[in-house]
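# Chains, contacts and geometry: an overview
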Amino acid sequence: MLWMTTFSRDDLKSRVQQLAGEGILIGTSSWKYPGWRGMLYDEARYLWRGKFAKSRFEKSCLEEYAQVFKTVCVDAAYYSFPTAKYLEGLAAQAPSDFQFAFKVTDEITLKKYPNLPRFGVRAGTANDHFLNAEVFERSFSKPCEAIRPNVGLLIFEFSRFYPTDFAHGRDFIAALDTFLDKLPKGWPYGIELRNKYWLKPEYFDCLARHHVTHVFNSWTDMPPVGEQIELAGSIPNPDLVAARFLLKPGRKYEEAVKAFEPYDQTKEVNDDARHAGAAVIKDGKKHPKRKTLIFVNNRLEGNALQTIHAMLEAASAE
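So, here's what we can say about the structure. Bear in mind that the values here come from a model prediction, so they are computed numbers and not experimental data.

## Observations regarding the pairing of strand β1 (residues 24-29)
Along any regular strand the residues' side chains alternate between the sheet's two faces. The element β1 is largely enclosed, with a buried count of 6 among its 6 residues. Pairing of β1 with strand β10 (residues 291-296), which is carried by 5 bridges, proceeds in the parallel orientation. When the sheet's bridge partners are listed, I26 is paired in β10 with I294. Pairing of β1 with strand β4 (residues 71-74), which is carried by 2 bridges, proceeds in the parallel orientation. Residue pairing in the sheet places T28 in a bridge with V72 of β4.

This is the structure in structure tokens:
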């Protein structure tokens, strides 16, 4: 069943940018989706000899995206360390007040390289750079200095750990505590976990000591964002709140891709996520000095733009 949600691009722009003026920035996870033509993107901008040119689109569509939204999550940084040139190229396509969230490269967050082709001979081996603050500073935060005013959040996304990685959650928290203590100061950091049973007071206390936010995340093995919000201490940094609506809990990434591509329409409504997004917006309004960042992925419902519109509607109605 399809849910066709219509919205005006200009109205979406007005509402999103009004929220940005209140410190609430809402956007998407990545932006290079041809399925958004006609909703966010004007296809005519990307034609070459009468045909849609994917390379032209991917190279320059951020400029059009940034006419509507004030933030985006850059997933690409997770797969390789970004260069200053790459980051400057992104910032050049956006207004001066635009805020990027970057997923920190997995070279820092993987304890062991997964058995995937892209890791080559390293697949299945221990990662010597896991939680290495020096490597992070040299290879990630230093390039980010080139666009520091535009960096809204640096996300350390940790894939699910197993008992062979850490026997207990407290062991990870101890390692995380040491790592956070060594990080360069002054950056907006967030931690995104995929081990739901580690969302304990000790974890939130660790983040609070370092003024780091917990990134609420809707994911396969995680409780819904609404449940995470209700946990005691789940906002360890009162100045920064972040939420990423990625997948419906219980659904695997590959299943969502197969079900929702090409991401041009909503195919499944997730009321829990919509109301949780609205709740984050409303709570942000109560704390005008706080920065609130919300990111929505196509693989949550099928079309992130329509999901965002629904969250805005819910926030206005509730």
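## A short note on the pattern of salt bridges
All chains considered together, the criterion is met by 21 salt bridges. Of the charged contacts, one joins D177 and R209 as a salt bridge, the two residues approaching to 3.4 Å between their closest N and O atoms. Of this pair, D177 sits in helix α6 (residues 169-182) while R209 sits in helix α7 (residues 201-209), placing them 32 residues apart in sequence. By relative accessible area, D177 is classed as partly exposed at 24%. With a relative accessible area of 54%, R209 lands in the exposed category. With a shortest N-O distance of 3.8 Å, K248 and E268 are connected by a salt bridge. Placement of K248 in the loop between β9 (240-245) and α9 (253-260) and of E268 in the loop between α9 and α10 (271-286) is noted, with a sequence separation of 20 residues between them. Look at K248 and you get partly exposed, because its relative accessible area is 34%. When salt bridges with common partners are traced through the structure, they connect D75, K103, E157, E192, R194 and R244 into a single cluster.

## Brief notes about the side chain of N237
Checked against the element boundaries, N237 lands in the loop between α8 (225-230) and β9. Judged by relative accessible area, N237 falls into the buried class, the value being 4%. Within the structure, N237 has its side chain in polar contact with the backbone oxygen of H211 (distance 3.1 Å). Those residues in contact with N237, other than ones at most four positions away along the chain, are H211, V212 and T213.

## Here's the deal with the packing of aromatic side chains
Each aromatic ring pair is summarised here by two numbers: the centre-to-centre distance and the angle between the ring planes. One pass over the full model with this rule turns up 29 aromatic pairs. Ring centres 5.3 Å apart and planes at 50° place the aromatic pair F136 and F156 in the tilted group. Separated by 20 residues along the polypeptide, F136 in helix α5 (residues 133-144) and F156 in strand β6 (residues 151-157) bring together distant segments of the chain. Judged by centre distance (5.2 Å) and plane angle (75°), the rings of F158 and F172 are edge-to-face. One end of the pair, F158, is in the loop between β6 and α6; the other, F172, is in helix α6, and 14 residues separate them in sequence. Through successive ring pairs, a cluster of aromatic residues spans Y33, W36, Y41, Y46, F52, F57 and Y263. Note that R122 overlies the ring of Y113, its terminal NZ or CZ placed 4.4 Å from the centroid. Over the ring of W219 we find R194, and its NZ or CZ is 3.9 Å from the ring centre.

Cut-offs applied
Residues numbered from 1 in each chain as written. Predicted model: local features only at pLDDT ≥ 70, side-chain atom pairs only at ≥ 80, totals over all residues. Heavy atoms only, no water. Buried < 20%, exposed > 50% of the residue type's maximum accessible area, 1.4 Å probe, protein only. Helix = DSSP H or I, 4+ residues; strand = E, 2+ residues; numbered from the N terminus. Pairing = 2+ DSSP bridges. Salt bridge = Lys/Arg side-chain N within 4 Å of Asp/Glu carboxyl O. Polar contact = N/O pair within 3.5 Å; in protein donor to acceptor, adjacent residues only side chain to side chain. Contact = heavy atoms within 4.5 Å. Phe/Tyr/Trp six-rings, centres within 6.5 Å; stacked < 30°, edge-to-face > 60°. Lys NZ or Arg CZ within 6 Å of the ring centre and 35° of its normal.

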